[in-house]
Amino acid sequence: MKPRILVTGAAGFVGLHLVHELVRLGYRVRAFVHKPSTKPADIATLKQLDVGIFYGDVTVADERLEAAIRWSAIVVHLAAIYELFASAEDLERVNVKGTLNVLSACKKLKSRVILASSITIYGKQPRGLLIDELTEPGLPLSRYGESKLLADLEARKMRNNGRGMERTTVLRLGPIVGNNENGLLTEYIDDLLTPPPRGLPGQAFRHSYQSLTHVHDVVDAIIGAIRNSDTMGKVYLVCGPPVTFEQLNGMIAVIWLNRKMVNKRWLENEWLLLKVAKIIEIFSRIFKVKPLWRLSEDAVKVMLQGYQGNGELARQHLLFTDYRDIREALKDMYNEQCSICNANK
């Protein structure tokens, strides 16, 4: 009999794709959902999939969290703030304390954990370095990356100390692309294609790399970890082949505009980009709004750094096939539907 799976953050971008696939494969699935921050439409989608829902808050170590974990054999912990402009306090509360609460409850109740971490934990690295599971994290470049690093380190500490967390699998995920992303990439595409002053005045980060990852590669990696108990106690970097922003912008131009390139000049003065982002962020925090063009100082630092990830170990142990072409995920975003979900119906 297949194990019972609890997914925290089940109503989020990755969570909905994962739950849909787990249900299709015949797993018994329940969702742990923070109702105040979840759209009613996403809760309705979970109910349509006939998934039981536990309502609660991972930042509160109470009986509701324990009851949900007690029901499950495996917990997939996705609940987190995915936002480069979020406050340090919110990131610490959700991404660090929330993860610690889940790990502690799983240790107490002897549940396996699959923890979603992030490639941003690697922080500052020599440009061009091909990152893998053995790469040591550098100085954090963003509050978000620091919060994910602290959660990642907490899982490692509990595992190394023999505190019952040897059953944890950590997946460090590249930036995720696919239908319903509705986050940083969606905003980036909107700003890139919109004329100034509302849209970006030009293209930036021309030669920086990002290891963009199809959302269904992430889903398949999680399911691979569920199926393969040999992954317990291990860390995997799950990320697609690196692409430059120049290549990414070209893909966006072809899919959205049906032409080879975006008609905006390149902005290549890194020092000026950082200074402008810092000024924009100061005004954004004063007026409590998102920064213009999403140019927070943290976002610019992460984009300029770029990450070239080597996801080969995850491909071998979890996916058993090549990473999907990121252009297919971008097409799904443009068409506002998931071609893989539709094919699997």
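Residues numbered from 1 in each chain as written. Predicted model: local features only at pLDDT ≥ 70, side-chain atom pairs only at ≥ 80, totals over all residues. Heavy atoms only, no water.

A. Local environment of the overall build of the protein chain. The number of helices and strands found in the protein chain is 13 helices and 15 strands. Along the longest, intermediate and shortest principal axes, the C-alpha atoms of the protein chain span 55 × 40 × 40 Å. When each of the 345 residues of the protein chain is scored for burial, the buried share is 53%. Restricting to contacts in the protein chain with at least 6 residues of sequence separation, those with at least 24 account for 78%. Summing over all exposed atoms, the protein chain offers an accessible surface of approximately 16,000 Å²; the carbon and sulfur share of this is 54%. Put simply, the protein chain has 46 plus and 37 minus side-chain charges, and the middle of one group is 3 Å from the middle of the other. (Helix = DSSP H or I, 4+ residues; strand = E, 2+ residues; numbered from the N terminus. Buried < 20%, exposed > 50% of the residue type's maximum accessible area, 1.4 Å probe, protein only. Contact = heavy atoms within 4.5 Å. Areas by Shrake-Rupley, 256 points an atom, 1.4 Å probe, with all protein chains shown as cover. Lys, Arg positive; Asp, Glu negative; His and termini not counted. Charge placed at Lys NZ, Arg CZ, Asp CG, Glu CD.)

B. Region of the structure containing helix H3 (residues 63-71). Among all positions in H3, only Leu65, Glu66, Ala68, Ile69 and Trp71 are buried. The elements touched by buried residues of H3 are strand S1 (4-8), strand S2 (28-33), strand S3 (52-55), strand S4 (74-77) and helix H4 (88-109). If you check the start of H3, you find a side-chain oxygen 3.3 Å away from the backbone N of arginine 64, and it comes from aspartate 62. (Polar contact = N/O pair within 3.5 Å; in protein donor to acceptor, adjacent residues only side chain to side chain.)

C. Structural detail: the environment of phenylalanine 32. Residue position: phenylalanine 32 is located in strand S2. With a relative accessible area of 3%, phenylalanine 32 lands in the buried category.

D. Quick look at the pattern of salt bridges. Applying the stated criterion to the full structure yields 26 salt bridges. Here arginine 143 ties to aspartate 298 by a salt bridge, and the two come within 3.7 Å at their closest N and O atoms. A residue pair is termed long-range when its members are at least 10 positions apart, and arginine 143 in helix H5 (residues 143-160) and aspartate 298 in helix H10 (residues 297-305) qualify at 155 residues. For glutamate 297, the salt bridge identified is with lysine 301, shortest N-O distance 3.9 Å. Residue glutamate 297 and its partner lysine 301 are located together in helix H10, separated by four residues, close to a single helical turn. Three or more residues joined by partner-sharing salt bridges are found here, namely Glu83, Glu187, Asp191, Lys290 and Arg294. (Salt bridge = Lys/Arg side-chain N within 4 Å of Asp/Glu carboxyl O.)

E. Spotlight on the sheet that holds S4. Spatial ordering of the open sheet is given by S3-S2-S1-S4-S5-S7-S12, a layout of seven strands whose pairing is parallel. Two strands in the sheet have a free side with no partner beyond their single neighbour: S3 and strand S12 (235-238). Taking the axes of each pair of neighbouring strands and ignoring which way they run, one obtains an average angle of 20° across the sheet. For S1 and S2, the ladder comprises five bridges, and the chain directions are parallel. Bridged to threonine 8 within S2 is phenylalanine 32. The sheet contacts of H4 involve S4, strand S5 (112-118) and strand S7 (168-173), and relative to S4 the element is tilted by about 175°. (Pairing = 2+ DSSP bridges. Axes fitted to C-alpha atoms, helices over the stretch in contact; angles between N-to-C directions.)

F. Looking closely at the side chain of glutamate 21. Summarising the element assignment, glutamate 21 is placed in helix H1 (residues 13-24). Among the polar contacts made by the side chain of glutamate 21, one reaches the side chain of arginine 24 at a distance of 2.7 Å. Sequence-distant contacts of glutamate 21, defined by excluding residues within four places in its chain, comprise Val219, Ile223 and Asn344.

G. Highlighting the pairing of S5. Most of S5 sits out of view: seven of its seven residues are buried. One ladder, built from four bridges, connects S4 with S5; its direction is parallel. Across the sheet, residue histidine 77 finds its bridge partner in S5, namely leucine 115. Crossover connection from S4 via H4 to parallel S5: handedness right-handed. Bridge analysis of S5 against S7 gives six bridges, and the strand direction is parallel. Counted as the bridge partner of serine 118 is leucine 173 from S7. (Right-handed = clockwise from strand over helix to strand, strands pointing away.)

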